[in-house]
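Below are the chains, spelled out letter by letter.
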Amino acid sequence: MDFALSKEHALLRQLYASFAENEIKPLAEEIDETERFPAETVAKCGQYGFMGVPFPKKYGGQGGDTLAYALMIEEISRHCAATATILAAHTSLCAGPIFMAGSEEQKQKYLPPLLRGEKLGAFGLTEAGAGSDASMQQTKARRDGDDYVLNGAKIFITNAGYADIYIIIAMTDKSKGNRGISAFIVERDAPGFSIGKKEKKMGIKGSSTCELIFEDCRIPAANLLGAEGQGFKIAMRTLDAGRIGVAAQGLGIAVGAFEESRKYTRERKQFGKRIAQFQNTQFELADMGSRIEACRLLVYKAACEKDAGREFNLYSSMAKYLCGGLGSDVTRRCLQLHGGYGYIREYPLERMMRDAKIIEIYEGTSEIQKVIVAGQLNVK
Amino acid sequence: MKIIVCIKQVPDTTEVRLDPVTNTLIRDGVPSIINPDDKAGIEAALRLKEAAPDSEITVLCMGPPQADVALREALAMGCDQAILLSDRAFGGADTWATSSTIAAALKKLPYDLIITGRQAIDGDTAQVGPQIAEHLGLPQASYAEAIRVEGKRVIVKRQFEDRYQIIALPLPCLITALAELATPRYMSVAGILDAYREKRVQVWDLAAIRDTVDTANLGLKGSPTRVKKSFTKQAKGAGQVLRDLSADEAVEAIVGKLREKFII
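Note that the structure is predicted; figures quoted are calculated from it, not measured.

### Looking at the overall build of chain A
And then number 1: Counting secondary structure elements, chain A contains 11 helices and 10 strands.
And then number 2: Taking 380 residues into account, the globule formula puts the C-alpha radius of gyration at 21 Å, and chain A, at 21 Å, falls close to it.
And then number 3: Within chain A, buried positions represent 56% of all 380 residues.
And then number 4: For chain A, long-range pairs separated by at least 24 residues make up 72% of all intrachain contacts whose partners lie at least 6 apart in sequence.
And then number 5: Within the structure as shown, chain A displays about 16100 Å² of accessible surface, and the carbon and sulfur contribution to it stands at 52%.
And then number 6: Treating the 50 positive side-chain charges of chain A as one cloud and the 47 negative ones as another, the clouds have centres 3 Å apart.

Shown next as structure tokens:
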């Protein structure tokens, strides 16, 4: 067993780190403050291949693997979790299920513009009454000739309004329960599809989160993803894979806060000493650094298990669970090391702390991750 | 057009450590980068290729085996081929031995334009590029801030401290690039993956260039430069601060000091 990154992954990390430092970090404070979607960053991300990392070149992807993708999310999240959210939702939740469950025609049609970054993707599963219990879908899709007609509403949808392609989960046959749920590819300009209110969030404010409304929304029957009744399975498998990226995001947020604190505590003086010279600071950073490394190993393991074609659910849920806690814990403690300056918006700590909380909630709460882990470990 | 860009891998820090015996740089443990001026040269070549897509860019680096990553980075930015000139016999080279080695390799390659960086941030000599041109008998333009290819010639804007010079050179020729010549692009994700999976770095050792070089000009033994002493400069003592002077008095005082030290 060798824990070193391969040469190509090491060079990828170097690329991600310099891109994030130069292109993403300078905007992080502003897009948080003004709740602005960083369209210019997304365009640059497309230019350098960041919008299609873990997909084959024949569909316009970069030919990378899950580890290459996780490294990108980690490095970007160090500086701006909102930008990482945009890329993760696009990659894992939209391009992911099309690649996994789409027909060859659907892949040829939808993946190249998504993966080249010409179009942005989103995923609509959550509803007002269907959060952790995703089986309670109220959005309905009815077959009508060569079309499906969608009615209902989705909430908390990342990239809504800016995305061109939406994966929408809807009930096609309520009598069949989860097996009556189907997945669809809906384009932004589909008749009857509109974007509802934009949510005001605690963190990741630069990412857009809105309601999606379907009123007799008509889409071609060819846009059914997989077969009728497979939608719940497709959604769950999509989330299984997506958790690796979200875990990497929690990890990256923690690393960002940790690095800020290492720097700050070496400069800040109190009682005639740099505060890094106090043992409390040293113990805090030693503890956090150790936890970060443990979580990093788990994220990379989950990614490598997926890349090896093995069952990775256990590891992706463990990683998401622990990295969610890591992000919240490390940002809170790093803010404390900054004292009053940590609480001031001029420093990035309070933003990092607000951003970190979402990792414990979206794409399956920490509690849902524990349900999955317990199930996988056969604890009954 | 066939373009060759010569690059050097340099330590990414100003705190270079020196081997106390040979007075050469210790590279282990120091992060390495492509020398900034050289990277601008890569970008300039890539832009020339964008304007003339049938162009081909070869990137050449002399260095130890770990310089491979600098060449991979150049490939990941979009260069077509890479050659690493690496042999123990090349080690410890000064600018004369380095330019002799690189010129020997260039004699084996087709080219219309050779681009090198102006100077490396570790040695700061600015000699290797011009020496290569001399070895090859090529026209050269150093300190290039802007370049433009017009048919069979290249127009170069050369930067000096107090002026510019715009000159035309016939191809083939050699240009040394300033960092200002072109802001380097990032590597792309697919570029990195291709750089390791599809492209390859050819390694040329002494045997590969033996017939185009006099081996007496190689490596430490072929280097006429003798380093007498290397040291880290110590901070000078505090300067003299003149306070509360009017502008005229200040001029008078400064000019007086300069006269006193026979500087003017």
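Following the structure, the description resumes.
### Here we look at the pattern of salt bridges
And then number 1: Evaluation of the coordinates by the stated rule reveals 48 salt bridges over all chains.
And then number 2: Here Arg 345 of chain A makes a salt bridge to Glu 33 of chain A, at a shortest N to O gap of 2.6 Å. Residue Arg 345 of chain A is located in the loop between helix H9 (340–343) and helix H10 (349–356), and its partner Glu 33 of chain A is located in helix H1 (residues 7–34); the two are separated by 312 residues in the primary sequence.
And then number 3: Residue Glu 33 of chain A is classed as partly exposed on the basis of its relative accessible area of 44%.
And then number 4: The shortest N-O distance in the salt bridge between Lys 57 of chain A and Glu 198 of chain B comes to 3.5 Å. Of the two residues, Lys 57 of chain A sits in the loop between helix H2 (39–47) and helix H3 (66–79) while Glu 198 of chain B sits in the loop between helix H5 (189–197) and strand S13 (201–204), which places them in two different chains.
And then number 5: It is possible to trace a salt-bridge network through shared partners that takes in Arg 13, Glu 74, Glu 75, Arg 78, Glu 293 and Arg 296 of chain A.

### Considerations on empty space enclosed by the protein
Over the atoms, a rolling probe the size of a water molecule traces out where space has been left empty.
Residue and element names in this part refer to chain A.
And then number 1: Scanning the model with the defined rule gives two cavities of 30 Å³ or more in all.
And then number 2: Lining the largest cavity are Ala 28, Ile 31, Asp 32, Cys 80, Ala 81, Ala 82, Ile 204, Lys 205, Gly 206, Arg 351 and Asp 355.
And then number 3: Sort the elements by how many residues they give to the lining of the largest cavity and H1 lands first, with three residues.
And then number 4: In terms of residue class, the lining of the largest cavity is built from six nonpolar, one polar and four charged.

### Quick notes on the pairing of strand S11 (residues 164–170) of chain B
Residues and elements named next belong to chain B.
And then number 1: Looking at chain direction, strand S10 (residues 153–159) and S11 are connected through seven bridges and run antiparallel. Bridge pairing links Gln 159 to Tyr 164 in S11.
And then number 2: Turn length for the S10-S11 hairpin, with the two strands adjacent in sequence and antiparallel, is four residues.

### Things to note about the nonpolar core
And then number 1: Counting 130 residues, the largest nonpolar core has Tyr 16, Phe 50 and Val 186 of chain A together with Ile 147 of chain B as the members making the most contacts within it.
And then number 2: Core analysis: the second largest hydrophobic core is formed by 27 residues, Phe 55, Ala 89, Ile 185 and Ile 234 of chain A among them.

### Here's the deal with the layout of surface pockets
All names here are of chain A.
And then number 1: Approximately 990 Å³ is the volume found for the second largest pocket.
And then number 2: Lining the second largest pocket are 40 residues, with Thr 126, Ile 361, Tyr 362, Glu 363 and Gly 364 positioned closest to its centre.
And then number 3: Mapped by element, the contributors of at least two residues to the lining of the second largest pocket are helix H4 (81–101), strand S1 (121–124), strand S3 (147–158), helix H6 (231–267), H10 and helix H11 (366–376).
And then number 4: Of all the elements, H6 adds the most residues to the lining of the second largest pocket, at five residues.
And then number 5: Its residues assigned to classes, the lining of the second largest pocket comprises 19 nonpolar, 11 polar and 10 charged.

### Overview of the packing of H3 of chain A against H4 of chain A
All names here are of chain A.
And then number 1: Relative orientation of the contacting elements H3 and H4 amounts to 155°, with a least axis distance of 7 Å. On the basis of their axis angle, the class for H3 and H4 is roughly antiparallel. The segment H3 lies against H4, with Tyr 69, Met 72, Ile 73, Ile 76, Ser 77 and His 79 engaging Ala 81, Thr 83, Ala 84, Leu 87, Ala 88, Thr 91 and Ser 92.

### Description of helix H7 (residues 247–260) of chain B
And then number 1: The terminal C-alpha atoms of H7 of chain B lie 20 Å apart, and with 14 residues this matches the ideal 20 Å at 1.5 Å per residue to within 8%.
And then number 2: Just downstream of H7 of chain B, Phe 262 of chain B is the residue with a positive phi angle, here 55°.

### Points about the interface of chain A and chain B
And then number 1: Contacts between the two partners involve 19 residues from chain A, matched on the other side by 15 residues from chain B.
And then number 2: For the chain A face of the interface with chain B, the top three residues by lost area are Glu 8, Leu 11 and Tyr 48 of chain A, together amounting to 39%.
And then number 3: Linking chain A with chain B are three salt bridges.
And then number 4: Across the salt bridge formed by Glu 8 of chain A and Arg 197 of chain B, the nearest N and O atoms sit 2.9 Å from each other.
And then number 5: One can count seven residue pairs in polar contact (both at pLDDT 80 or more) joining chain A with chain B.
And then number 6: Tallied by class, residues from the side of chain A that touches chain B come to eight nonpolar, seven polar and four charged.

### Structural notes on the side chain of Ser 223 of chain B
Residues and elements named next belong to chain B.
And then number 1: Note that Ser 223 resides in the loop between helix H6 (206–209) and H7.
And then number 2: Here Gly 219 takes part through its backbone oxygen, which lies 2.7 Å from a polar atom of the side chain of Ser 223.
And then number 3: Setting aside its immediate chain neighbours within four residues, Ser 223 contacts Gly 92, Ala 93, Asp 94 and Ala 97.

### Side note on H11 of chain A
Residues and elements named next belong to chain A.
And then number 1: Ser 366, Gln 369 and Val 373 are the residues of H11 that are buried. All buried residues of H11 fall inside an arc of 50° around its axis, so they share one side. Of the exposed residues in H11, the ones pointing more than 90 degrees away from its buried face are Glu 367, Val 371 and Gly 375.
And then number 2: Where the residues of H11 are buried, they touch H6 and helix H8 (313–338).
And then number 3: Positive phi appears at Asn 378, one or two residues downstream of H11, with a value of about 60°.

What counts, and where the lines are drawn
Residues numbered from 1 in each chain as written. Chains lettered and ligands numbered in written order. Predicted model: local features only at pLDDT ≥ 70, side-chain atom pairs only at ≥ 80, totals over all residues. Heavy atoms only, no water. Helix = DSSP H or I, 4+ residues; strand = E, 2+ residues; numbered from the N terminus. Rg over C-alpha atoms; globule rule 2.2 N^0.38 Å. Buried < 20%, exposed > 50% of the residue type's maximum accessible area, 1.4 Å probe, protein only. Contact = heavy atoms within 4.5 Å. Areas by Shrake-Rupley, 256 points an atom, 1.4 Å probe, with all protein chains shown as cover. Lys, Arg positive; Asp, Glu negative; His and termini not counted. Charge placed at Lys NZ, Arg CZ, Asp CG, Glu CD. Salt bridge = Lys/Arg side-chain N within 4 Å of Asp/Glu carboxyl O. 1 Å grid on protein atoms, 1.4 Å probe; cavity = no way out; pocket = protein on both sides within 12 Å on 5 of 7 lines; lining within 4 Å. Points joined across faces, edges and corners; volume = space filled by probe spheres on them. Nonpolar A, V, L, I, M, F, W, Y, C, P; charged D, E, K, R; others polar. Pairing = 2+ DSSP bridges. Core = buried A, V, L, I, M, F, W, Y, C linked by side-chain atoms within 4.5 Å. Axes fitted to C-alpha atoms, helices over the stretch in contact; angles between N-to-C directions. Parallel < 35°, antiparallel > 145°, perpendicular 65-115°, else oblique. Expected span 1.5 Å × (residues − 1). Buried area = accessible area lost by both parts, 1.4 Å probe. Polar contact = N/O pair within 3.5 Å; in protein donor to acceptor, adjacent residues only side chain to side chain. Arc of directions from axis to C-beta.

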